[in-house]
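Structural description and commentary
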Amino acid sequence: MRPAAGPFSRWLLHLAGGKTPDVHACNYLIEERVQPARQSRYETDYAGSVTGMDAWLEAHSDYLTDRIYQPCPETFTAINGDAVHSPQLDTSLHLLRIERLDPALAELGLPLDHIAHAVEVFHNRAQPRDPHVTRDDIQATLKKLAQILNKNPFSQRPRFAALESGLADEMEANDWANRLRNRLGLAHHDPGVAGPPIPVALMRYPVQSVIGYAKTVPEVKHPLTVPTVLDHAFCEVFCPAPKEALYGRTMDLEGIATGRGFIGELLHPRIEYAPGHIYKVGAITDARPRYDSKELRELHILLLREETERHDFGHCDQAA
Amino acid sequence: MTLAWLDRFHQSPDEALNRLMRGTALLPGLERATPSNALCNLFGQADAEDRFRLDEALQKWLQQRREMTLEQRRAYGLPRFITEYGEGLTAIWRMSLPNAGRWLEDNLLDLMEWAWPMRLPPVWDLPRQVALAGAQLVTNGNAFRFFWIRLCREAADPQHEDLLDSAMNGLASPASNDKQKVQGILKGLTLWAEGLSGDEDRERFLLQWRHIKARFPNPPPFWRDRWHELLTQRQNQEAPFRHWLIETERGLDNRLRDGNVTGAAIRLPYVKPAIEKLLQRAGEEGITRPLVNEMLQLLRTLEAYADQTGDCDFLVRSACNLGAVVVREIPGQALEWAGKALSWRPANPYAWDLRGRALYQLDRADLAEWVYWEAMRRIPESAILRLQLSRLLRERGALEEAKRLLEVGLKLHPNHHPHRNELGRLLAHLGHFSNAIDLLSGQTDEISLYLLCHILIAEGRFPEARGVLVDYRAQHDNADNIALLTRLLDAGAAGQREAIRHFTSDDQQNFRFEPRGRPDATLQESEIALRTTGHDRENRVLAAMREIGEVAYADLLFQLGRWPEAEEKIAQRLQQHDDDEFALVVGALHRDSFRDRLRRNADALPDSLAVKLALTGETTSPEEWEALEKPFARQRHLIDFARVVYLPTGDAAARKRLLHWTETRPVAEAPYPTFLKQRIRDILKCSDLRDDQALILLHDIIKQSVEINDTIPMVA
């Protein structure tokens with residue numbers, strides 16, 4: 001995405017062309033799915049006169065407030081047509097998300113293990129521990145948990161979700177929460193070395209439910225899109241995918257050296273969770289891997305080039 | 001990794017925190033974290049000094065944000081504002097920040113009042129965040145019991161149901177063991193469930209109850225004992241939730257199932273005899289300090305009972321009754337009791353009336369008038385509030401306005417004798433004797449007959465007056481009145497002149513709102529009055545009521561056809577607050593120019609049914625009506641009513657739905673829906689729906705559904 005000539009363009013190119021290229025500037029320049037009309041609006045109304053990082057963050061935040069953190073983010077409207085996911089996507093596939101549970105547990109007044117057990121009983125993976133608590137009672141608790149998650153104000157933002165395929169081992173592992181955090185590139189779920197575990201839920205729901213729910217919002221034209229640099233706050237563990245890729249790609253925090261494949265990621269509008277969507281509940285206990293973000297990113301881009309045979313992709317100096 | 005931000009925080013904590021809260025800080029690795037998660041990550045292992053700095057900066061940030069005006073918040077983006085403020089509150093309790101926590105506890109009620117209108121479905125809900133933070137942080141649980149009890153009740157409205165968990169947790173928070181905690185939570189559940197009645201409500205109740213069972217796994221005898229006490233309480237005996245519970249829980253024993261419960265119910269004080277005794281002594285001895293002390297003691301006992309059981313009816317009624325007895329001698333004390341009653345029951349018209357009367361007795365008739373305006377907007381079904389306001393207007397010479405209020409009141413409450421009599425008296429004062437006679441003829445209550453006879457004398461219709469006097473004498477035995485009317489009749493023309501003078505003179509004595517009392521210095525009244533009227537909070541509330549009252553007054557002027565005056569008042573209000581919802585709605589109900597202005601502002605008020613309804617009319621298309629039904633499904637009856645009023649012959653389906661709604665059982669303790677059902681049923685029976693009555697009621701509904709912004713407290 002080449003910015004229109006002007007102060008923003010000059011500053012951005014300078015930032016990307018330095019000895020240590022700025023990751024956010026690079027992401028902007030290598031982005032390939034933002035339509036000209038969308039880019040033009042972003043630069044005309046928000047970032048056009050920006051020549052410093054603080055100002056860019058402010059302008060980007062204003063853009064997100066006006067255009068993205070809305071009942072219908074422009075991510076899912078006609079103006080984002082170039083980022084639409086392939087219509088051939090199998091709607092019976094499942095999507096995964098990790099949701100933090102700290103405030104929800106406080107609101108429900110429940111400890112994590114209580115909810116975790118309830119989820120296991122709900123999915124028939126365990127029997128109720130207490131003979132006086134019925135399945136109906138347990139379902140009620142999970143319904144309330146889903147209601148609370150549905151009230152999360154951040155849920156109105158475009159939802160990052162990963163495609164389930166390729167994650168079976170992680171999902172069934174005892175330390176699934178740590179492993180999925182790493183595979184899905186969720187660096188922000190980091191308890192640190194000595195911090196308390198982070199309670200999380202693994203949400204699993206079919207693509208069809210997203211499409212069905214999106215139909216209830218008339219403004220939504222494209223319920224599944226590939227994430228672009230304009231759809232969320234700047235993030236160092238995000239890298240746009242080349243336009244040839246069917247999905248976005250999560251950035252594996254453990255890096256490519258492990259030899260694992262990419263995980264596809266998409267954005268979709270807010271959906272209403274139901275108890276059945278809460279697949280597992282547990283805790284992220286380990287600090288996130290101490291990655292070198294520059295190395296991690298370079299390896300990620302390398303693999304993207306190989307996968308899509310786009311060997312010119314991701315050279316932000318060339319894009320500039 | 002995030003050192004740059006931490007360096008910035010060390011240099012300028014306020015600025016750095018502001019950037020983080022607003023999502024404009026560069027936090028490598030934490031960019032996707034919510035602000036509270038980011039703070040937990042950054043300061044979870046921080047040293048005491050850094051945590052102290054954060055504590056101070058966050059408190060300051062929350063206070064500064066609190067000072068943003070409505071316009072500033074809207075310009076900033078309400079969803080963004082609500083999200084960020086909620087994150088600030090969340091950070092306090094998740095990180096156990098002591099100073100900010102104390103600040104929140106000290107300001108919990110004010111914060112809730114301010115946050116109350118900041119709710120944008122489906123996800124932005126600041127009251128919920130305030131309640132959650134309060135339930136997590138408040139350590140002095142007993143001092144806030146009335147607040148949690150109130151929230152439990154408010155949560156019966158599905159729009160506010162998300163407050164329930166926090167309110168129940170708040171009620172349970174002072175408990176020292178699990179049994180007490182469960183008891184607190186069940187108490188909250190029953191208070192909430194008292195407001196439920198339909199099939200959907202049954203499912204809502206069972207969901208909450210089953211969750212509680214799952215949260216506290218226990219055998220049936222445990223639950224039987226907990227429920228035993230609650231189900232025996234007076235207010236729960238007939239509540240539908242009792243049946244839902246018993247149908248579902250086979251483990252509850254037969255005594256509960258049959259309703260033959262005995263034993264552990266909390267004993268009520270003997271309220272009625274105690275009040276009667278106090279009233280009798282007040283009559284015999286006058287208001288003395290020992291008597292007031294006894295009243296205070298009784299109210300303290302009733303408040304303790306309300307705290308324990310959530311049943312505040314005795315407290316509220318007693319505070320209003322005793323307040324009415326002492327209001328002339330110790331209006332400051334009465335004002336305090338009115339405030340107490342309103343803190344438990346904000347829609348109690350008698351408590352609002354006591355508040356208005358007390359202010360009047362404190363020589364603040366101006367404030368009293370604003371209190372009545374707001375009370376009438378909030379509780380449009382109350383005849384007494386409308387009547388009292390008309391008396392205040394009459395006292396200050398606003399006779400035309402008073403007359404209009406009474407005329408409308410009489411349409412809404414055709415059997416309310418005081419309204420009819422007051423209007424008759426006012427018509428007579430204006431010299432419209434024959435109109436007054438028409439109005440009062442055929443009534444049999446004592447005052448109507450007396451007035452009719454008196455006005456007939458003033459009109460010189462002596463034979464008819466004699467006939468009415470015969471009726472009066474036969475039915476009532478007020479010797480003074482009989483003597484007066486007889487004397488006037490016997491005096492002939494002189495009696496007529498005297499009667500005319502009586503009704504038409506401008507003697508202030510005839511136009512008193514009520515007789516002034518003589519405060520007794522020995523009752524330390526001045527000290528109490530100072531405490532109650534000098535309080536910042538009370539002053540803030542009254543100032544806000546004045547602003548709303550001006551708009552409500554403008555509405556009345558519109559109704560009187562005094563458009564220039566009315567428009568000027570609305571314009572003045574909009575000059576101060578250009579997006580004042582109440583002013584825009586009232587203006588739009590009467591003038592196209594304000595209607596256009598409201599239409600331009602409508603996007604900023606997406607969840608306001610009042611705004612949507614104020615913009616409807618005869619030209620509203622079926623598609624536009626249907627578009628309203630989805631977001632406001634729970635208020636579909638109000639939409640249907642507007643539809644029927646504007647299209648009286650053209651919408652059979654809406655009319656049918658509306659009729660069905662009027663036949664369903666209203667939610668317990670909800671006088672407004674009960675009143676609406678009755679009135680709408682009456683109106684639907686009329687052949688012409690385009691008459692005044694339907695439109696007046698529709699306007700009342702629209703005005704009542706305006707959620708006044710942050711100036712009017714939920715805790716009145």
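For the structure itself, consult the block above.
All of the points below concern the structure found in this document.

Cut-off values and rules
- Residues numbered from 1 in each chain as written.
- Chains lettered and ligands numbered in written order.
- Predicted model: local features only at pLDDT ≥ 70, side-chain atom pairs only at ≥ 80, totals over all residues.
- Heavy atoms only, no water.
- Axes fitted to C-alpha atoms, helices over the stretch in contact; angles between N-to-C directions.
- Helix = DSSP H or I, 4+ residues; strand = E, 2+ residues; numbered from the N terminus.
- Parallel < 35°, antiparallel > 145°, perpendicular 65-115°, else oblique.
- Left-handed = near helix turned anticlockwise from the far one by under 90°.
- Contact = heavy atoms within 4.5 Å.
- Nonpolar A, V, L, I, M, F, W, Y, C, P; charged D, E, K, R; others polar.
- Salt bridge = Lys/Arg side-chain N within 4 Å of Asp/Glu carboxyl O.
- Polar contact = N/O pair within 3.5 Å; in protein donor to acceptor, adjacent residues only side chain to side chain.
- Buried < 20%, exposed > 50% of the residue type's maximum accessible area, 1.4 Å probe, protein only.
- Pairing = 2+ DSSP bridges.
- Phe/Tyr/Trp six-rings, centres within 6.5 Å; stacked < 30°, edge-to-face > 60°.
- Lys NZ or Arg CZ within 6 Å of the ring centre and 35° of its normal.

1. Topic: the packing of helix H12 (residues 178–193) of chain B against helix H14 (residues 220–231) of chain B
All names here are of chain B. Direction vectors running N to C along H12 and H14 enclose 50°, while the axes themselves pass 10 Å from each other. With respect to H14, the element H12 is oriented oblique. Both H12 and H14 take part in a crossing whose hand is right-handed. Along its contact with H12, which presents Lys179, Val182, Gln183, Leu186, Lys187, Leu189 and Thr190, the element H14 presents Phe222, Trp223, Arg226, Trp227, Glu229 and Leu230. Looking at the contact of H12 with H14 residue by residue, the class counts come to seven nonpolar, two polar and four charged.

2. Considerations on the interface of chain B and chain A
Buried accessible area, meaning the area lost when the parts come together, often serves as the stated size of an interface. Contact with chain B, which involves 47 residues of that partner, is made by 57 residues of chain A. Scanning the region where chain B abuts chain A turns up 10 salt bridges. With a shortest N-O distance of 3.3 Å, B:Arg19 and A:Asp54 are connected by a salt bridge. Across the chain B-chain A interface, the total number found is 24 residue pairs in polar contact (both at pLDDT 80 or more). Listed by contribution, the elements that provide at least two residues to the side of chain B that touches chain A are helix H2 (13–22), helix H3 (35–43), helix H6 (78–95), helix H9 (126–137), helix H11 (164–172) and helix H13 (199–215) of chain B.

3. Regarding the pairing of strand E2 (residues 159–163) of chain A
Residue and element names in this part refer to chain A. Taking burial as the measure, the five residues of E2 include five buried ones, the bulk of the element. Taking every second residue as pointing to the same face, both faces of E2 are buried, with Arg159, Ala161 and Leu163 on one and Phe160 and Ala162 on the other. Note that strand E1 (residues 94–100) and E2 share two bridges and pair antiparallel. In the strand pairing of E2, Leu96 is matched with Ala162. With four bridges connecting them, E2 and strand E5 (residues 264–268) associate as antiparallel partners. Residue pairing across strands places Arg159 opposite His268, the latter belonging to E5.

4. Description of the packing of aromatic side chains
By the definition in use, this model includes 32 aromatic pairs over all chains. Here B:Phe146 and B:Trp344 contribute two aromatic rings whose centre-to-centre distance is 6.2 Å and whose plane-to-plane angle is 50°, an arrangement assigned as tilted. Taken together, the positions of B:Phe146 in helix H10 (residues 145–154) and B:Trp344 in helix H20 (residues 331–344) put the pair 198 residues apart, joining distant regions of the chain. Each of the two residues, B:Phe146 as well as B:Trp344, counts as buried. Clustering of aromatic rings is evident, with ring pairs tying together A:Phe8, A:Trp11, A:Tyr28, A:Tyr42, A:Tyr46, A:Trp56, A:Tyr63 and A:Phe234. Geometry around A:Tyr69 places A:Arg157 over its ring, the cationic atom sitting 3.5 Å from the centre. We note B:Arg73 situated over the ring of B:Phe81; from NZ or CZ to the ring centre the distance is 5.6 Å.

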